[in-house]
Amino acid sequence: MRPVSVWQWSPWGLLLCLLCSSCLGSPSPSTDPEKRAGSQGLRFRLAGFPRKPYEGRVEIQRAGEWGTICDDDFTLQAAHVLCRELGFTEATGWTHSAKYGPGTGRIWLDNLSCSGTEQSVTECASRGWGNSDCTHDEDAGVICKDQRLPGFSDSNVIEVEHHLQVEEVRIRPAVGWGRRPLPVTEGLVEVRLPDGWSQVCDKGWSAHNSHVVCGMLGFPSEKRVNAAFYRLLAQRQQHSFGLHGVACMGTEAHLSLCSLEFYRANDTARCPGGGPAVVSCVPGPLYAASSGQKKQQQSKPQGEARVRLKSGAHPGEGRVEVLKASTWGTVCDRKWDLHAASVVCRELGFGSAREALSGARMGQGMGAIHLSEVRCSGQELSLWKCPHKNITAEDCSHSQDAGVRCNLPYTGAETRIRLSGGRSQHEGRVEVQIGGPGPLRWGLICGDDWGTLEAMVACRQLGLGYANHGLQETWYWDSGNITEVVMSGVRCTGTELSLDQCAHHGTHTTCKRTGTRFTAGVICSETASDLLLHSALVQETAYIEDRPLHMLYCAAEENCLASSARSANWPYGHRRLLRFSSQIHNLGRADFRPKAGRHSWVWHECHGHYHSMDIFTHYDILTPNGTKVAEGHKASFCLEDTECQEDVSKRYECANFGEQGITVGCWDLYRHDIDCQWIDITDVKPGNYILQVVINPNFEVAESDFTNNAMKCNCKYDGHRIWVHNCHIGDAFSEEANRRFERYPGQTSNQII
């Protein structure tokens, strides 16, 4: 393949030639010597593995030498330009931290900055050719749309790598293939090569190799196998070896990244004196395959986890949060790579990392950022064992929150559920497969009490992300020939991996409303909103007001006062109100929209506004034992974007019957001085209490995370004044800190101290 001018052969250059009458040959050379040198001999290719033909590590040949691009400041716009250089129409994504393996040679470009409209990468700003402070652990990659530019010829630009690749790995049970319960944890290691599945020769096979294979298949660790049994079994079976000489360090995310050798087609003696490689993997707590393993894991003393994942659409993915000084916080994505991500995944009971995510791809956190520049070798048992930098306020922002996608064991759960009748694969009537006496059969789910939490589990089991809606009536979706209701009384907490883990009636179904029209349905989505209350503002703005009754007629009409107000001597007297402001942020990846459309909003004449949600927030005063002594609620009479982050534009405004909602990156402010923004504490006796605010309490609108919808404060009331302190989001503290919060001095007797 000879070097060819990008201008001469690129279809974008040809298109410009057609549009410009003065362009009759090669374009005039650039006056910029650096740009001219780059554009007169560049070749591009996709490299690395595992990958598909339209993705990979970007490599550029300049002056006869191949090199890579550093991921610093790399964006989707740069990926668009590079994909067009590679002959694809556009980019659908990009990768960092050498996802496709580290390259070799020069790092040609660093701090690459493109607008996305450039015809050549030479038109983008950078530090200059060959000027970089990166290592190959920071090589950038692209994921292009699998669609070629018209008239593009592969041989002009892309150099195809002619070598074998390990495309996929699996464990095949040595006995009972097809009858073993899932997930399969022990058996022969098989790799898929272009000509089919093959075994791996076990000569030189090590625990490090097993560690890598188990991690790829979703298991955090491995254990020793009965080598004598498998060696005896191997003598009675025929094997097809395709791989040998595997030597892993144990930190690789994929077997392809290990040193290995493929057998040639003419190799007649394969694996002499050896047998097929065998592994035995240990599943994490969520995937323990047998009761014995579960008991064994439960018998070990378990402290509170110091790492967790939040806001992921699928199991084993999410924003990484760590526990420090009893408070949860996020991790900055600087230096974040597959090694660090794999440590997190294995610590949480999953396999190695499939992706290390940067740029708050799993939504932005709120509160502290605890760690930055985490550098793991991949062998650490906890993220806290990795060298890291303690964060300072100016170091990082939540737009740089790190995330992960982990490898998961194959359980086959998605084969036991399906959707029918919908307009797309993301919606439809839910059908589940049940066993029992006789053959397996498909059936429907009774729609009684089916809601958002149940729909979340169904969408998760289907692998379709979050639930937009859980529907109790599906008459508009044809169920075909499936009419039997086989499951009823389904009640989920929202965290289950499949519907069969939720509580339900069992084999005897009971449905209040019969018929296929009253069966359960879902609409799933890959993104969801995530509402979070600004707890510090509640603490800063709380105060008591004695408000005359003659000013509370509209509030009484909307049930914003305690029940004792009905027997008050209207319009004389007053009610004592605990007032505060609430600022509700949407930190998810989709706008928060009311469940009901504008056609069904309710007009309230007294206040002169529409309610898009009857109950948007609950306000409660609780005793230390959880007894409710006062309550309030707020209808969403105006869900709008009050303020937004710098780079986000407002989309929702209530004026003139406008659309209501909260945009991602914006917040809705309910000021302390508006009606119903209070709790009526007229009947509350002096004492120590807990102030609790819960957003979206009835789960009317789907969110990526409901655990952060509650906010709690310690509250001390002496009959005349009130002190509100220690306000925090419900899941922001450690378990021990939460226990201390609920036992602070004076609460045991509920008397003022």
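Residues numbered from 1 in each chain as written. Predicted model: local features only at pLDDT ≥ 70, side-chain atom pairs only at ≥ 80, totals over all residues. Heavy atoms only, no water.

**Topic: the overall build of the protein chain**
Convention followed: Helix numbers and strand numbers start at the N terminus; a helix is a DSSP run of H or I with at least 4 residues, a strand a run of E with at least 2. Throughout, a residue-residue contact means that at least one pair of heavy atoms, one from each residue, lies within 4.5 Å. What sets the accessible areas is the Shrake-Rupley method with a 1.4 Å probe; for residues, cover comes only from the shown protein chains.
Secondary structure summary: the protein chain contains 13 helices and 40 strands in total. Sequence-distant contacts in the protein chain: of pairs separated by 6 or more residues, those separated by 24 or more amount to 71%. Counting only carbon and sulfur atoms, one obtains 50% of the accessible surface of the protein chain, whose full area is about 34,900 Å².

**Digging into the sheet that holds strand S35 (residues 643–644)**
Threshold: Two strands pair under a simple rule: DSSP has to find at least two bridges between them.
Overall, antiparallel pairing links the four strands, which are arranged S27-S30-S36-S35 in an open sheet. The open sheet terminates on both sides in strands that have one partner only, identified here as strand S27 (531–533) and S35. Bridge count between strand S30 (residues 582–586) and strand S36 (residues 666–670): four bridges; the pairing is antiparallel. Residue pairing for S36: His-585 is matched across the bridge by Trp-667.

**Let's talk about the state of the cysteines**
To keep it simple, the criterion reads: When the sulfur atoms of two cysteines come within 2.5 Å, that pair is taken as a disulfide. Each residue's exposure class comes from its accessible area (1.4 Å probe, protein chains only) as a fraction of the maximum for that residue type: buried when under 20%, exposed when over 50%, partly exposed otherwise.
Applying the stated criterion across every chain, the model contains 15 disulfides. The residue that forms a disulfide with Cys-492 is Cys-502, at a sulfur-sulfur distance of 2.1 Å. Looking along the S-S bond of the Cys-492-Cys-502 disulfide, the torsion reads about 105°, which is the right-handed sense. Of this pair, Cys-492 sits in the loop between strand S25 (485–487) and strand S26 (521–525) while Cys-502 is found in the loop between S25 and S26, placing the two residues 10 residues apart along the sequence. Judged by its relative accessible area of 8%, Cys-492 falls in the buried class.

**Comments concerning the pairing of strand S16 (residues 327–331)**
Put simply, side chains in a regular strand alternate between the two faces of the sheet. Of all five residues in S16, four are buried; the element is thus mostly enclosed. Sheet topology note: the strand S15 (residues 317–324)/S16 ladder contains four bridges and is antiparallel. Its bridge partner being in S16, Glu-321 is matched across the sheet by Thr-330. Hairpin geometry of S15 and S16 is characterised by an intervening segment of two residues between the two adjacent antiparallel strands and by a positive phi of about 55° at Ala-325. Looking at chain direction, S16 and strand S18 (residues 369–372) are connected through two bridges and run parallel. Across the sheet, residue Thr-330 finds its bridge partner in S18, namely Ile-369.

**Quick word on the side chain of Gln-61**
This is how the line gets drawn: Any N or O atom pair separated by 3.5 Å or less is treated as a polar contact, with the protein-specific requirement of one donor-capable and one acceptor-capable atom, and with residues adjacent in sequence counted only for side-chain atom pairs.
Along the chain, the position of Gln-61 falls in strand S2 (residues 55–62). In this structure Gln-61 comes out as buried when scored by relative accessible area, which is 8%. At 2.4 Å, the side chain of Gln-61 and the side chain of Arg-43 are in polar contact. Once you skip the residues sitting within four places of it in the chain, Gln-61 turns out to touch Gly-41, Leu-42, Arg-43 and Trp-66.

**Notes on helix H10 (residues 452–462)**
Extensive coverage of H10 is indicated by the burial of 11 of its 11 residues. Among the residues of H10, those classed as buried are Thr-452, Leu-453, Glu-454, Ala-455, Met-456, Val-457, Ala-458, Cys-459, Arg-460, Gln-461 and Leu-462. Those residues of H10 hidden inside the fold are in contact with strand S21 (417–420), strand S24 (466–471) and S26. Taken from the residues just after H10, Gly-463 is the one with a positive phi, measuring 75°.

**Observations regarding the packing of aromatic side chains**
Selection criterion: The rule is short: rings of Phe, Tyr and Trp, with Trp giving its six-membered ring, pair when the centres are within 6.5 Å, and they are stacked under 30 degrees, edge-to-face over 60, tilted in between. Charge over a ring is defined by NZ of Lys or CZ of Arg lying within 6 Å of the ring centre and within 35 degrees of the ring normal.
Enumeration according to the criterion identifies 11 aromatic pairs in this entry. When the ring of Phe-229 is compared with that of Tyr-230, the centres are 5.1 Å apart and the planes differ by 80°; the resulting orientation is edge-to-face. Here Tyr-230 falls in the buried class, since its relative accessible area comes to 11%. Note on Tyr-476 and Trp-477: the rings are 5.2 Å apart at their centroids and 75° apart in plane angle, and the pair reads as edge-to-face. A relative accessible area of 41% means that Tyr-476 is categorised as partly exposed. Ring pairing ties together the aromatic residues Trp-475, Tyr-476 and Trp-477, which thus form one cluster. Stacked on the ring of Trp-384, the Lys or Arg Arg-306 has its end atom at 4.6 Å from the ring centre.

**Observations concerning the pattern of salt bridges**
Pairing between side chains of opposite charge can happen when their charged atoms approach one another. Note the threshold: For this analysis, a salt bridge means a side-chain nitrogen from Lys or Arg found within 4 Å of a carboxyl oxygen belonging to Asp or Glu.
Tallied over the entire structure, the rule returns 37 salt bridges. Between Glu-355 and Arg-405 there is a salt bridge, with the nearest N and O atoms lying 3.0 Å from each other. Placement of Glu-355 in strand S17 (residues 353–357) and of Arg-405 in strand S20 (residues 403–406) is noted, with a sequence separation of 50 residues between them. Looking at Glu-355, the relative accessible area reads 15%, which means it is buried. Linking Lys-628 and Glu-631 is a salt bridge whose minimum nitrogen-to-oxygen distance equals 3.4 Å. On the accessibility criterion, Lys-628 (46% relative accessible area) is partly exposed. Glu-631 gets classed as partly exposed once you look at its relative accessible area, which sits at 47%. Overlapping salt bridges bring together Arg-308, Lys-310, Arg-319, Glu-321, Asp-705 and Asp-731 as one network.

**Considering the side chain of Asn-696**
Checked against the element boundaries, Asn-696 lands in the loop between strand S38 (687–695) and strand S39 (710–717). Asn-696 sits in the buried class, given a relative accessible area of 1%. Contact partners of Asn-696, with chain neighbours within four places excluded, come to Phe-592, Met-613, Phe-616, Val-701, Glu-703, Phe-706 and Asn-709.

**Some details on the sheet that holds strand S37 (residues 678–680)**
For clarity, the cut-off: In this analysis an axis means a line fitted to C-alpha atoms, helices contributing only their contacting stretch, and an angle means the value between N-to-C directions, from 0 to 180 degrees.
One open sheet accounts for three strands, arranged S28-S29-S37; its pairing is antiparallel. Strand pairing shows two members of the sheet lacking a second neighbour, strand S28 (543–548) and S37, which therefore form its edges. With strand direction ignored, the average angle separating the axes of adjacent strands in the sheet is 35°.

**Topic: helix H6 (residues 207–216)**
For H6, the tally of buried residues reaches eight of 10 residues, placing the bulk of the element in the interior. All of the buried residues in H6 are Asn-209, Ser-210, His-211, Val-212, Val-213, Cys-214, Gly-215 and Met-216. Where H6 is buried, its residues touch strand S7 (168–172), strand S8 (186–193), strand S10 (221–223), strand S11 (241–247), strand S13 (278–282) and helix H9 (338–347). In the stretch just after H6, Gly-218 is the one whose phi turns positive, near 95°.

**Remarks on the nonpolar core**
The condition is simple: Put simply, a nonpolar core is a bunch of buried Ala, Val, Leu, Ile, Met, Phe, Trp, Tyr and Cys residues held in one set by side-chain atoms that sit within 4.5 Å of each other.
Membership of the largest hydrophobic core comes to 36 residues, with the highest contact counts inside it found for Phe-616 and Leu-691. Among the secondary structure elements, those contributing two or more residues to this core are S27, strand S33 (617–622), S38, S39 and strand S40 (722–729). When residues no more than four places from it in sequence are discounted, the contact partners of Leu-691 are Val-538, Leu-578, Phe-580, Asp-620, Ile-621, Ile-679, Met-711, Lys-712, Cys-713, Cys-715 and Val-724. Core analysis: the second largest hydrophobic core is formed by 26 residues, Trp-336, Ala-341, Ala-356 and Val-374 among them.

**Topic: the confidence of the model for the protein chain**
Reading fine detail from the predicted coordinates is not recommended where pLDDT is low. Selection criterion: Values of pLDDT, the confidence the predictor places in each residue, fall between 0 and 100.
Taken as a whole, the protein chain shows an average pLDDT of 83; of its residues, 86% reach a score of 70 or greater. Per-residue pLDDT stays below 50 along residues 155–162; that stretch engages in 24 contacts with residues further than four places along the chain or on separate chains. Between residues 745–753, whose pLDDT stays under 50, and residues either more than four places distant or in other chains, the model counts 24 contacts.

**Looking at unusual backbone geometry**
Omega for the peptide link from Trp-570 to Pro-571 comes to 0°, which places this bond in the cis form. Tracing the chain through its elements places Pro-571 in the loop between helix H12 (553–557) and strand S29 (574–579). Its identity as a non-glycine residue notwithstanding, Asp-73 has a phi of 65°, on the positive side. By the element assignment, Asp-73 lies in the loop between strand S3 (65–69) and helix H4 (76–85).

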